[in-house]
Amino acid sequence: MTKAQEIAADLREQIESGDLEGGAALPSEAEMMRAYGYSRETIRAGVRMLVDEGLVVTGQGQGKYVRQDFERVVWNWTTLESRSRHATAVEGKTAGDQWASAVSGDGKTPRQEISVSIVEPPEHVRESLGLPEGGLAVKRQRVRYVDSRPYALADSYFPPDLVTGTPLMEPRDVSAPGGVLASVGLIQVRYRDEITVRMPAHKEAELLALPAATPVAEHTRTGYDADGKALRCMVTILPGDRHKILYEVDSD
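Note that this is a predicted model, so its numbers are computed, not measured.

The rules we used
Just so you know, the residues in each chain are numbered from 1, in the order the chain's sequence is written. Given that the model is predicted, a residue must reach a pLDDT of at least 70 before its local features are reported, and side-chain atom pairs must reach 80 or more before they are shown or counted; all residues, however, enter totals for whole chains, interfaces and linings. Heavy atoms throughout the structure, all of them, feed into the side-chain values; hydrogens and water do not. Strands are runs of DSSP state E lasting at least 2 residues, helices are runs of H or I lasting at least 4, and numbering of each runs from the N terminus. Relative accessibility under 20% of the residue-type maximum defines a buried residue, over 50% an exposed one, and the middle range a partly exposed one, all with a 1.4 Å probe and only protein chains included. The contact criterion used is simple: two residues touch if any of their non-hydrogen atoms lie within 4.5 Å. The protein chains shown are the only cover counted for residues, whose accessible areas, like all others here, come from Shrake-Rupley with a 1.4 Å probe. Residues scored as charged are limited to Lys and Arg (positive) and Asp and Glu (negative), so that His and the chain ends carry no count. In plain terms, the charge of a residue is placed at NZ if it is Lys, CZ if Arg, CG if Asp and CD if Glu. The salt bridge criterion pairs a side-chain nitrogen of Lys or Arg with a carboxyl oxygen of Asp or Glu, the two atoms within 4 Å. Confidence of the predictor at the level of single residues is captured by pLDDT, which takes values from 0 to 100. Polar contact is the term for a pair of N or O atoms within 3.5 Å; when the atoms are in protein, one must be able to donate a hydrogen and the other to accept it, and sequence-neighboring residues count only if both atoms are side-chain atoms. When the centres of two rings from Phe, Tyr and Trp lie within 6.5 Å, Trp using its six-membered ring, the rings pair. Their planes under 30 degrees apart give stacked, over 60 give edge-to-face, and anything left gives tilted. A positively charged side chain is recorded as over a ring if its NZ (Lys) or CZ (Arg) lies within 6 Å of the ring centre. The angle to the ring normal must also be within 35 degrees. The definition of a nonpolar core used throughout is a set of buried Ala, Val, Leu, Ile, Met, Phe, Trp, Tyr and Cys residues joined through side-chain atoms within 4.5 Å. Expected span of a helix, by definition, is 1.5 Å for each gap between consecutive residues, and there is one gap fewer than residues. Any two strands with at least two DSSP-identified bridges between them are counted as paired. Between N-to-C directions, angles span 0 to 180 degrees; the directions come from axes that are lines fitted to C-alpha atoms, helices contributing only their stretch in contact.

Peer 1: What should I look at first to understand the overall build of the chain in this one?
Peer 2: Looking only at helices and strands, the chain has nine helices and 10 strands in total. Taken along its principal axes, the extent of the C-alpha atoms in the chain is 70 × 40 × 40 Å. Out of the 252 residues in the chain, the part that is buried amounts to 43%. When contacts within the chain are restricted to residue pairs at least 6 apart in sequence, long-range pairs at least 24 apart make up 62% of them. Accessible surface for the chain amounts to roughly 13,500 Å². Of this, 48% is attributable to carbon and sulfur atoms. Averaged over its 30 positive side-chain charges, the chain has a centre that lies 2 Å from the centre of its 38 negative ones.

Peer 1: I would appreciate a short explanation of the pattern of salt bridges in the present structure.
Peer 2: When charged atoms on two side chains of opposite charge get close, those side chains can pair. Tallied over the entire structure, the rule returns 15 salt bridges. Of the charged contacts in the structure, one is a salt bridge between R40 and E29, with a shortest N-O distance of 2.8 Å. Here R40 is found in helix α3 (residues 40-53), whereas its partner E29 is found in helix α2 (residues 29-36), with 11 residues between them in sequence. We classify E29 as partly exposed; its relative accessible area is 25%. One network of salt bridges, in which partners are shared, links E29, R40, E41 and R44.

Peer 1: Explain the confidence of the model for the chain to me, please; I cannot follow it from the model alone.
Peer 2: Atomic detail in the predicted coordinates should be set aside for any region of low pLDDT. Overall, the prediction assigns the chain a mean pLDDT of 90, with 92% of residues at 70 or greater. In this model, residues 89-95 is a region of pLDDT below 50 whose contacts with residues beyond four sequence positions or in other chains number nine contacts.

Peer 1: So what exactly am I meant to see when it comes to the environment of D19 here?
Peer 2: As for its position among the elements, D19 is in the loop between α1 (3-17) and α2. Along the primary structure D19 and R111 are separated by 92 residues, whereas in three dimensions their C-alpha atoms are 34 Å apart. Within the structure, the side chain of D19 is placed 3.3 Å from the side chain of S17, a separation counted as a polar contact.

Peer 1: I keep staring at the packing of aromatic side chains and nothing clicks. Help me out?
Peer 2: Each aromatic ring pair is summarised here by two numbers: the centre-to-centre distance and the angle between the ring planes. Summed over all chains, the structure comprises two aromatic pairs. Taken together, a centroid distance of 5.5 Å and an interplanar angle of 75 degrees make the contact between F70 and Y151 edge-to-face. Of this pair, F70 sits in the loop between β2 (64-66) and β3 (73-76) while Y151 is found in strand β6 (residues 149-158), placing the two residues 81 residues apart along the sequence. The two residues F70 and Y151 agree in class, both being buried. Relative to W77, the ring of W75 lies with its centre 5.4 Å away and its plane at 25 degrees, an arrangement referred to as stacked. Over the ring of Y145 we find R111, and its NZ or CZ is 4.1 Å from the ring centre.

Peer 1: What am I meant to see in the nonpolar core here?
Peer 2: Nonpolar side chains in soluble globular proteins generally cluster together in the buried interior. V125, L129, Y157 and I237 are the most contacted members of the largest nonpolar core, which totals 16 residues. Sorting the residues of this core by element identifies α6 (123-129), β5 (137-146), β6, β8 (216-224) and β9 (230-239) as the ones contributing at least two each. Among the nonpolar cores identified, the runner-up in size contains 15 residues, and L20, L26, V47 and V56 belong to it.

Peer 1: What exactly am I supposed to notice about α3 here?
Peer 2: In an α-helix, one turn spans 3.6 residues, which is why side chains three or four residues apart end up on the same side. An ideal rise of 1.5 Å per residue puts 20 Å on 14 residues; α3 measures up with 20 Å between its terminal C-alpha atoms. Backbone geometry just after α3 places G54 at a positive phi near 85 degrees.

Peer 1: Any chance you could explain the sheet that holds β5 here in plain terms?
Peer 2: Picture the strands of a sheet paired through backbone hydrogen bonds; they go either parallel or antiparallel. The antiparallel open sheet is built from six strands, whose spatial order is β4-β5-β6-β9-β8-β7. Only two strands of the sheet have a single partner each, and these edge strands are β4 (110-119) and β7 (190-198). Here the strands of the sheet are splayed against their neighbours by 15 degrees on average, with no regard to which way each runs. Bridge analysis of β4 against β5 gives 10 bridges, and the strand direction is antiparallel. By the bridge assignment for β5, Q112 is matched with R144. Of the strands in this sheet, β4 and β5 are in contact with helix α5 (residues 98-105), which crosses β4 at around 165 degrees.

Right, dumping it as structure tokens:
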């Protein structure tokens, strides 16, 4: 091993063994220079390897810290958005928003920041909704928090003629038994899911406070009515260090 690799290996072992816990500051460069007997540049090169691996993050100022683990949230896309589960909200059995219900069921506190705008959607969303080139969509943008920590982004897009004048235009949490779309006569009977794993865009990393080297899953769900018309396209950005995606699929 090179000297830098030796430093990285030693610090990595301390992190994996728990001697350096999540959130703990690494020793200062001066301390590591004395401990390892190497130059400042060599120390920095060794620490930089761990930053590139995502084990170490840069804090305020010049400090380096062991990356803190997030408790994973399970997204069960088999049952999430189930109409029957939505229907029980009126009886107080589940929260109106099923994501919030799932988080609350795990003993955590959910919160969402919501904004609504009319935009030209990304190309794959436009195609999913069957909009013409240059067509506009209503976008409900949500930043989802768990216990005050940003966990996910969820942007829902709708053809404007379907949702204008409905509660979906309101920049706040809205819900209805069976779902808001269903409450205005737009019943989603089928979903099409696509999942892409990639590195985050700069704005996504900023909104989610992502440490370096954190991939995200981009989950796109398009909902259709009984005639095959697309009613909604939701794009959810799920950081890989804080989520598990679950599906149950019948063998038929």
